[in-house]
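# Commentary on secondary and tertiary structure
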Amino acid sequence: MSEPESALDEPPPFWGRWRRIYWVVAGLLAAEILVFLLLREWAA
Amino acid sequence: MTGLAGPDWVVLIGMIAAIVLYGAWRSRGVRNVDSYVRGDALRWPTIGLGIMATQASAITFISTPGQGFSDGMRFVQFYFGLPLAMIVISAVFVPAYHRLKVRTAYEYLEHRFDVRVRLFGGVLFLIGRGLATGITIYAPSIILSQILGWPLQATIWAIGIVVVIYTVLGGTRAVSITQKQQMIVMLAGLGVAAIVVILKLPDGVSVGGAVRLAGALGRVNPISFDLNFKDRYNLWSGLIGGFFLQLSYFGTDQSQVQRYLSGSSVGESRLGLLFNGIFKVPMQFLILFIGVMVFVFYVFSRPPAYFDRPAMDQVAGQHGAEIAALTARHDQAFVERRDAALGFLAAHDPKAEADARANLAVAATRYDDVHRDTKKLIDTTLATKTNDNDYVFLSFVLEHLPIGLVGLLIAVILCAAMSAVASGLISLGVTTTVDFYLRARQAFGRPQASAMHDLRVSQAATIAWGVFAIGFASAASLFANLIEAVNILGSIFYGTILGLFVVAFFVRRVTSTPVLAGAIVAQALVIVLFIASSLSFLWYNVIGCAAVVVVSLVVQAFKKPAPRIPPATVL
């Protein structure tokens, strides 16, 4: 999992190999917000 | 207020002692400043649980259920920006810190800009975190001491001294290892509390019915789409303001940065952060849900007229007749609200449900009016602002949990206090040593000292900050209004610190003098906003960060371009 060395002046690639894990985390947040919305509507 | 039974003391002392001794044993043999600071190659579960434990202070377990009790679930929105912040920190901050092998976040600022920016960031951190660590000891101590009948000063010193000892002896590794165990205890305690409160619901009230009832009484409100800048908790303040706050806290606050800098690789650090990104929102929701279920429990089981019994008893001594009248009104209002709630749950057709809902709203308003009048009398008599919600969960635990589980839940709260204080102290000690002491030695051309000398300096700095935090906590009761100011202090500084790092990572053409000018202007702007506006504090982070970026770009535009100065030697 170690990252390749790169120069200080170059910002690291934002997505890289971890893109899918980042999408999972963001997708879970979206799912949680949807669940909270449904819960609010159901309990209202 | 009830004390702890014998088995509760066994569970409480046994758990705390076992965790501290295990942490001290696993981290024995710290021989140099590097192992004290870095904690040596930790795996992601330890990092992830440590990150969660650092953020979860005792107040999380005392106040948050109380918030669910009084205000519902809307506080969960505060954490919506957190998973997104974890992604950005994993993608940008972690590889940059690891590549340069920095020991503090502020060390990175010197690589990118110069020593002035490093010291500016370090000073802002030391002020904010130093005071916040004192409050992290004080806030739970005052509630625990009142509710358990322990002396306040003894509670403060007991928490402070235990944490200082294991932090100084074992350094970052001890903090991380104990945090892992502490977080496991916290999660177990939460699960137990959730099960017990559901089992305590009266016969005939299902979990679904309890949630419907809570919804009718305005407690099931985890989402609000209203864009209101004065409202602390809505989707937008959580996603935008919360994102900037969490980015700043996790990306630039040394108490968190140190947790993932101790990872054995970029991947381990990232997984630890993303673990937090996945589980933080559900955990906060669970804590609020417990608070909401405690609220439903007290709809059917008579609560005290005021949960802050010490305050109530104090006022009863002077205004016995008024307190008795308020208690009688409270008991009457409780019966009316309970009956209205039973009527609501029994209603099945839409017309009957609408009528029952209207009855329930009237009864709930009457109950809330009595509580407000009681609070007003207590606050006026004591000339202070009491917060009854902070006492709700502990009252429930002490009065309604079985013996043994009470000890477990008190252990959860003490674990949370200790883990947050330990992270604060070790990060303050490390920043003082690395960014100020060692950097000053380098600046003044002093020869490199022995590893043991540097370790002793780090330990001494940690002890000094421990004494400062305990002293501040001991004196905090003299300055009631100061507490609120200190709690907001973090948000006042975080935006500026984050701005420094945003410019460092994303605005590559800006050099040190413009960014320093931007940071000073931004800090002044946020302080003016804090004094002169009623803006919700979450927005300070956005404004502070944006101001650093904009002002530094403007100053850079008027500045003659200078050749890039090579970064200083890594300390």
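The shown structure was predicted, so the numbers you read here are calculated from the model rather than taken from an experiment. (Residues numbered from 1 in each chain as written. Chains lettered and ligands numbered in written order. Predicted model: local features only at pLDDT ≥ 70, side-chain atom pairs only at ≥ 80, totals over all residues.)

## Looking at the overall build of chain B
Within chain B, the regular secondary structure consists of 21 helices and 0 strands. The C-alpha atoms of chain B give 25 Å as radius of gyration, which agrees with the globular expectation for 571 residues (25 Å, within 12%). Seen along its three principal axes, the alpha-carbon backbone of chain B occupies a region of about 75 × 55 × 45 Å. Burial analysis of chain B (571 residues in total) assigns 54% to the buried set. In chain B, the proportion of contacts linking residues at least 24 apart, taken out of those at least 6 apart, comes to 87%. (Helix = DSSP H or I, 4+ residues; strand = E, 2+ residues; numbered from the N terminus. Rg over C-alpha atoms; globule rule 2.2 N^0.38 Å. Buried ≥ 20, exposed ≤ 12 C-beta atoms within 10 Å, placed from the backbone. Contact = placed C-beta atoms within 7 Å.)

## Structural notes on the domain arrangement of chain B
Residues and elements named next belong to chain B. According to the domain assignment, chain B contains domain 1 (6-287 + 401-446) and domain 2 (309-386). Using only C-alpha atoms to locate each centre, domain 1 and domain 2 end up separated by 35 Å. Listed by partner, the interface residues are 6 residues for domain 1 and 7 residues for domain 2. Broken down by element, the residue count for the side of domain 1 that touches domain 2 peaks at 3 residues, all from helix α9 (residues 207-216). (Domains from an automatic or database assignment.)

## With respect to the packing of helix α8 (residues 152-199) of chain B against helix α12 (residues 266-300) of chain B
Residues and elements named next belong to chain B. Contact geometry for α8 and α12: axes closest at 9 Å, N-to-C directions at 25°. In terms of orientation, α8 and α12 fall into the roughly parallel class. Relative to α12, α8 is oriented so that their crossing is left-handed. Here Leu190, Ala193, Ala194, Val197 and Ile198 of α8 come into contact with α12, specifically with Leu286, Ile287, Ile290, Met293, Val294 and Phe297. Here the contact of α8 with α12 is built from residues that sort into 11 nonpolar, no polar and no charged. (Axes fitted to C-alpha atoms, helices over the stretch in contact; angles between N-to-C directions. Parallel < 35°, antiparallel > 145°, perpendicular 65-115°, else oblique. Left-handed = near helix turned anticlockwise from the far one by under 90°. Nonpolar A, V, L, I, M, F, W, Y, C, P; charged D, E, K, R; others polar.)

## Observations regarding the confidence of the model for chain A
Taken as a whole, chain A shows an average pLDDT of 76; of its residues, 64% reach a score of 70 or greater. Low pLDDT (under 50) marks residues 1-9 of chain A, which in the prediction has 13 contacts with non-local residues, meaning those over four places away or in another chain. (pLDDT = per-residue confidence, 0-100.)

## Describing the interface of chain B and chain A
Interface size, as often reported, equals the accessible area lost upon joining of the parts. Between chain B and chain A, the residue contacts involve 32 residues of the former and 25 residues of the latter. Secondary structure elements with two or more residues in the side of chain B that touches chain A: α5 (81-100), α9, α12 and α19 (480-506) of chain B. Ranked by residue count, the leading element in the side of chain B that touches chain A is α5(B), at 10 residues. Broken down by class, the residue content of the side of chain B that touches chain A amounts to 21 nonpolar, 7 polar and 4 charged.

## Re helix α10 (residues 235-252) of chain B
For an α-helix the count is 3.6 residues per turn, leaving residues at separations of three or four pointing the same way. All names here are of chain B. In a regular helix each residue adds 1.5 Å, so 18 residues correspond to 26 Å; α10 covers 24 Å between its end C-alpha atoms and thus fits that length. Where α10 bends most, at Gly242, the angle is about 35°. For α10, the tally of buried residues reaches 15 of 18 residues, placing the bulk of the element in the interior. (Expected span 1.5 Å × (residues − 1). Bend = angle between axes of the 7 residues up to and from the residue.)

## Brief notes about the environment of Leu21(B)
For Leu21(B), the position within the fold is in helix α1 (residues 6-26). Leu21(B) sits 485 residues away from Phe506(B) along the chain, and the two C-alpha atoms are 44 Å apart.

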